[in-house]
Amino acid sequence: MALWGGRFEGGVETSTQEFGASLPVDKHLYKQDIAGSRAHAAMLAKQGIISQDDCDAISRGLGQIEAEIDAGAFAFDIDDEDIHMAIEGELTRRIGEAGKRLHTGRSRNDQVATDTRLATKALVKQLMEANLALRQTLVRVAQEHADAVLPGMTHLQHAQPVLLAHHLLAYYWMLTRDFKRLDAAFEAADASPLGAAALAGTTYPLDRVATAYALGFTRVIPNSLDAVSDRDFLLDLHFACSTMAMHLSRLAEEIVLWSSSEFGYITLSDSFSTGSSIMPQKKNPDFAELVRGKTGRVYGNLMQLLVTCKGLPLAYNKDLQEDKEGALDSAHTLVQCLEVMAGMVGTMHVNADRMRAACRVGHLAATDVADYLAKKGMPFREAHAVVGRLVLECDKRGCQLDELPIEEFRAASPLFGNDITGALDIDGIVAARTTEGGTAPSAVAEQLKFVRTSLVGDEARVEGLGHVVPMGAGA
Ligand code: ARG
């Protein structure tokens, strides 16, 4: 018999029972549900709404149930609609009368919103930790290959040489902004709906601040209708995950390209690549492709929740039950993607010689040759045309700018002197880009100071998140 049995003369049709159930998904929130019930019961006792004995019995019973679920020894009843009913029902079977008092002044509407917010905080914390670990790996690899240069690209065409460290740190900063978006999602989730009851608050003298603080929330949601009916904090999580997945898909794509025979810039370690069932020679970047591919489902989860919430009237509607599966999936997916990426980047072999050899192709020095003329007084636009003609000549001869005889340069412009060789040297070209945020080793060294400051700040932020109720692994 369902918990609302009094009003009903018949049971729910078996197929609709299954259709309406959320237990297969929300059982993963058992720790949050139990923490919420504990805090609620303690507050009820403190406010004199239930006896201390009942509260103690509830707390003991919930402790037992939690330990059993943790150990994988709890048999969930598939007839239970959701985790709230599964736990409350079992509690009542175990402790009797006191279990029936737990739900005083509470509704599953504020209960589920509380559980979901607590779970969001735990998931976001995991994501922040995994995000930091990948960023640390990127910094380490950047520093280990401080001298490596590769052709920077625009339109996937060779453009100008850049340091590998500079290239990797670009991803560091993308992920740093993702961290901030995660932090914003944590902040959004960090408010307690408990005490909003079904929609309008209750007639019991609840202490909402006490339950909020007991659960590690920093504040109480000031409007009961809002508290039970909005899931925008989950949208913040989805958006943070989607943007991060997009960034990871870009890095993944470069790993796929760089590990191809055409590029050969990196060799993935055996532990982060796969073979072919038919072609014995193959070493495939499957996991990078999968990180790229997982982006689709993460975007899908964002769209699903946006559409689910669209047009919902106040306050709780059962549509909202569709909020948890995608959130758990996206968070889980991104934690995996971040960990796989950290492993892949941290163990890949960098073929610095191949990168440097690739800089011989595509006239990477052209801009610097034009700058050489401009610095000698020729208007840049004119210099651009002069060098364009030299590049055309190179292409006709099948050579690079540094292989063109000095006479050709002189014929193109009398401003060219023997010192033009300086503008043609790859390391010189890189070293000259000293503007803040540029690719010169000196500028990258400066950049690394900002990197370290941001790492220290974000590590401290994770430390300062305070108590979160961790996701349980037993369900
Ligand atoms: N399983 C529900 C959910 O996930 C819990 C709240 C149900 N409330 C209700 N009044 N039907 O949203």
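Asker: Let's hear about the overall build of the protein: which residues, and what values?
Answerer: A count of helical and extended segments in the protein gives 20 helices and six strands. Here the C-alpha atoms of the protein give a radius of gyration of 30 Å, more than 25% beyond the 23 Å that 2.2 N^0.38 yields for 475 residues. Dimensions of the protein, computed from C-alpha atoms along their principal axes, come out at roughly 100 × 50 × 40 Å. Looking at the protein residue by residue over its 475 residues, the buried ones come to 51%. Long-range pairs, those at least 24 residues apart, make up 78% of the contacts in the protein with a sequence separation of at least 6. Of the accessible surface of the protein, which amounts to about 22100 Å², a share of 55% is contributed by carbon and sulfur atoms. Each charge sign in the protein was given a centre, from 46 positive and 63 negative side chains, and these centres are 3 Å apart.

Asker: Just give me the short version of the packing of aromatic side chains, but keep the residues and values in it.
Answerer: Tallied over the entire structure, the rule returns six aromatic pairs. Between Phe74 and Phe76, the ring centres sit 4.9 Å apart and the planes meet at 70 degrees, which makes this aromatic pair edge-to-face. On the basis of relative accessibility, which here comes to 13%, the residue Phe74 falls in the buried class. Above the face of the Phe8 ring, Arg7 is positioned so that its terminal group lies 5.8 Å from the ring centre.

Asker: Explain unusual backbone geometry to me, using residue names and the numbers behind them.
Answerer: For the bond from Leu314 to Ala315, the omega torsion is 0 degrees, close enough to zero to count as cis. One non-glycine residue, Leu156, lies in positive phi territory at about 60 degrees. With respect to the helices and strands, the residue Leu156 is situated in the loop between β1 (149-154) and β2 (157-163). For His363, which is not glycine, the phi dihedral falls at a positive 50 degrees. With respect to the secondary-structure elements, His363 resides in the loop between α14 (352-358) and α15 (366-375). Taking the relative accessible area as the measure of exposure, His363 reaches 13% and is therefore buried.

Asker: Quick rundown of the site of the ligand? Include the residues and the values.
Answerer: Within the structure, the ligand sits among Ser22, Asp26, Asp82, His84, Arg108, Asn109, Val112, Tyr316, Gln321 and Lys324. Take Asp82: an N or O atom from its side chain is 3.0 Å from a nitrogen atom of the ligand. Between the ligand and Lys324, the relevant distance is 2.7 Å, taken from an oxygen atom to a side-chain nitrogen or oxygen of the residue. Relative to its unbound accessible surface of 340 Å², the ligand loses 87% to contact with the protein. Here the shell around the ligand takes three residues from helix α7 (residues 108-144), the largest share from any one element. Classifying every residue of the shell around the ligand gives two nonpolar, four polar and four charged.

Asker: Tell me about the packing of helix α3 (residues 30-46) against helix α5 (residues 83-95), and please be specific about residues and values.
Answerer: Between α3 and α5, whose axes approach to 10 Å, the crossing angle comes to 55 degrees. Between α3 and α5, the crossing angle belongs to the class labelled oblique. The handedness of the crossing between α3 and α5 comes out as right-handed. Where α3 approaches α5, its residues Tyr30, Asp33 and Ile34 are matched on the opposing element by Ile83, His84 and Ile87. Residue composition of the contact of α3 with α5, grouped by class: four nonpolar, one polar and one charged.

Asker: Residues and numbers for α7, please.
Answerer: Residues three or four positions apart in an α-helix share a direction because the helix packs 3.6 residues into each turn. Between its first and last C-alpha, α7 extends 53 Å over 37 residues, near the 54 Å set by a 1.5 Å rise per residue. Burial analysis of α7 places 28 of its 37 residues in the buried class, the great majority of the element. Between a side-chain oxygen at the N-terminus of α7 and the backbone nitrogen of Asn109 the separation is 2.8 Å; the capping residue is Ser107.

Asker: Before we move on, could you go through the layout of surface pockets and cite the residues and values that matter?
Answerer: What the second largest pocket holds in volume is close to 350 Å³. Lining the second largest pocket are 20 residues, with Met153, His167, Tyr171, Glu254 and Trp258 sitting closest to its centre. At the level of elements, β1, α8 (164-189) and α11 (232-258) are the ones that each hand at least two residues to the lining of the second largest pocket. Of the residues assigned to the lining of the second largest pocket, the class counts are 12 nonpolar, five polar and three charged.

Asker: Can you tell me about α11, naming the residues and giving the values?
Answerer: Here α11 is 27 residues long and its end C-alpha atoms lie 39 Å apart, about the 39 Å a rise of 1.5 Å per residue gives. By the criterion of burial, α11 is predominantly enclosed, with 19 of the 27 residues buried.

Asker: For the packing of α3 against helix α4 (residues 52-70), give the residues involved together with the corresponding values.
Answerer: Helix-helix packing is characterised by the crossing angle of the two axes and by the distance between the axes. Their axes nearest at 9 Å, the elements α3 and α4 cross at an angle of 170 degrees. Relative to α4, the element α3 lies roughly antiparallel. Each of Tyr30, Lys31, Ile34, Ser37, Arg38, Ala41, Ala42 and Ala45 in α3 lies in contact with α4, whose residues at this interface are Gln52, Cys55, Ile58, Ser59, Leu62, Gly63, Ile65, Glu66, Ile69 and Asp70. Residues belonging to the contact of α3 with α4 are distributed by class as follows: 10 nonpolar, four polar and four charged.

Conventions adopted
- Residues numbered from 1 in each chain as written.
- Predicted model: local features only at pLDDT ≥ 70, side-chain atom pairs only at ≥ 80, totals over all residues.
- Heavy atoms only, no water.
- Helix = DSSP H or I, 4+ residues; strand = E, 2+ residues; numbered from the N terminus.
- Rg over C-alpha atoms; globule rule 2.2 N^0.38 Å.
- Buried < 20%, exposed > 50% of the residue type's maximum accessible area, 1.4 Å probe, protein only.
- Contact = heavy atoms within 4.5 Å.
- Areas by Shrake-Rupley, 256 points an atom, 1.4 Å probe, with all protein chains shown as cover.
- Lys, Arg positive; Asp, Glu negative; His and termini not counted.
- Charge placed at Lys NZ, Arg CZ, Asp CG, Glu CD.
- Phe/Tyr/Trp six-rings, centres within 6.5 Å; stacked < 30°, edge-to-face > 60°.
- Lys NZ or Arg CZ within 6 Å of the ring centre and 35° of its normal.
- Near = heavy atom within 4 Å.
- Polar contact = N/O pair within 3.5 Å; in protein donor to acceptor, adjacent residues only side chain to side chain.
- Nonpolar A, V, L, I, M, F, W, Y, C, P; charged D, E, K, R; others polar.
- Axes fitted to C-alpha atoms, helices over the stretch in contact; angles between N-to-C directions.
- Parallel < 35°, antiparallel > 145°, perpendicular 65-115°, else oblique.
- Left-handed = near helix turned anticlockwise from the far one by under 90°.
- Expected span 1.5 Å × (residues − 1).
- 1 Å grid on protein atoms, 1.4 Å probe; cavity = no way out; pocket = protein on both sides within 12 Å on 5 of 7 lines; lining within 4 Å.
- Points joined across faces, edges and corners; volume = space filled by probe spheres on them.

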